[in-house]
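Below, each chain spelled out in residue letters.
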Amino acid sequence: MKYMLLFVSAPTDGPDQPGAQCTVEDWMAYDKQMKDAGIWVSGNALADLTTCTSVKVDVDGQRIVTDGPFAESREVLGGYDVIDVPNLDVALDWAARSPGARDGGSVQVRPIADFGL
C-alpha cells in the first residue's frame, strides 16, 4: 500500500531554534535507507516558503492570487515522500525514522487513495 509522508518542520526563528538541527546529510541518509529498502516511490523537498503563491476562487469564479501560504501557520510543509509498504505500521516506523520527526517537527502519514483508475 502506498503512503505519503508529509514532513512538517517546527516553527523556527533562526539557526539556534529546535527545528534547525536536521542536516542535509541526515536527509540524504534517510532517503538512501528508503531506496535501499526498496520502498521509496517518489518525493521532493519544497522550495523556501517565501516562494509560495496561493490561489483561491471566490463565489463569482474570480481567481485571487496572493504571495505566501494560504494558511497562517508557523509550521512549514518542507517536502514529502511516497513509500510503498505492506501496512500502516510499517509506514509509521519509516515516519519515526525521519529526521523531520525530530526537533519539534512531525511527519503526517496519509494513505494514497486508490480510485481504481
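Check the entry above for the structure.
Calculation criteria
- Residues numbered from 1 in each chain as written.
- Predicted model: local features only at pLDDT ≥ 70, side-chain atom pairs only at ≥ 80, totals over all residues.
- Heavy atoms only, no water.
- Helix = DSSP H or I, 4+ residues; strand = E, 2+ residues; numbered from the N terminus.
- Buried < 20%, exposed > 50% of the residue type's maximum accessible area, 1.4 Å probe, protein only.
- Areas by Shrake-Rupley, 256 points an atom, 1.4 Å probe, with all protein chains shown as cover.
- Pairing = 2+ DSSP bridges.
- Lys, Arg positive; Asp, Glu negative; His and termini not counted.
- Salt bridge = Lys/Arg side-chain N within 4 Å of Asp/Glu carboxyl O.
- Polar contact = N/O pair within 3.5 Å; in protein donor to acceptor, adjacent residues only side chain to side chain.
- Contact = heavy atoms within 4.5 Å.
- Axes fitted to C-alpha atoms, helices over the stretch in contact; angles between N-to-C directions.

(A) Quick peek at the overall build of the protein. When you go through the protein residue by residue, the secondary structure sums to 2 helices and 6 strands. When its helices and strands are written in sequence order, the protein yields β-α-β-β-β-β-α-β. Residue burial in the protein is summarised as follows: out of 117 residues, 21% are buried. Carbon together with sulfur atoms contributes 53% to the accessible area of the protein, which is approximately 8,100 Å² in total.

(B) Examining the environment of Ser54 more closely. Mapped onto the elements, Ser54 comes out in strand S3 (residues 53-57). In this structure Ser54 comes out as buried when scored by relative accessible area, which is 7%.

(C) Examining the pairing of S3 more closely. The sheet contact formed by S3 and strand S4 (residues 63-67) spans 5 bridges and is antiparallel. Paired with Val57 across the bridge in S4 is Arg63. Counted between consecutive antiparallel strands, the loop separating S3 from S4 contains 5 residues, among which Gly61 sits at a positive phi close to 85 degrees.

(D) How the structure looks around the side chain of Asp81. Inspection of the secondary structure assignment puts Asp81 in strand S5 (residues 76-84). Salt bridges are absent for the buried Asp81, whose nearest opposite-charge side chain, Lys35, sits at 7.5 Å. At 3.0 Å, the side chain of Asp81 forms a polar contact with the side chain of Trp40. If sequence neighbours within four positions are ignored, Asp81 has contacts with Tyr3, Met4, Leu5, Phe7, Tyr30, Asp31, Met34, Trp40, Ser42, Gly43 and Asn44.

(E) Representation of the sheet that holds strand S1 (residues 2-9) within the structure. With antiparallel pairing, the 4 strands of this open sheet are ordered in space as S2-S5-S1-S6. Pairing within the sheet leaves two strands with one partner each, and these edge strands are strand S2 (40-45) and strand S6 (106-111). Across the sheet, the mean angle from the axis of one strand to that of its neighbour is 20 degrees, orientation sign disregarded. Here S2 runs beside S5; their pairing, made up of 5 bridges, is antiparallel. Across the sheet, the residue bridging to Trp40 is Ile83, located in S5.

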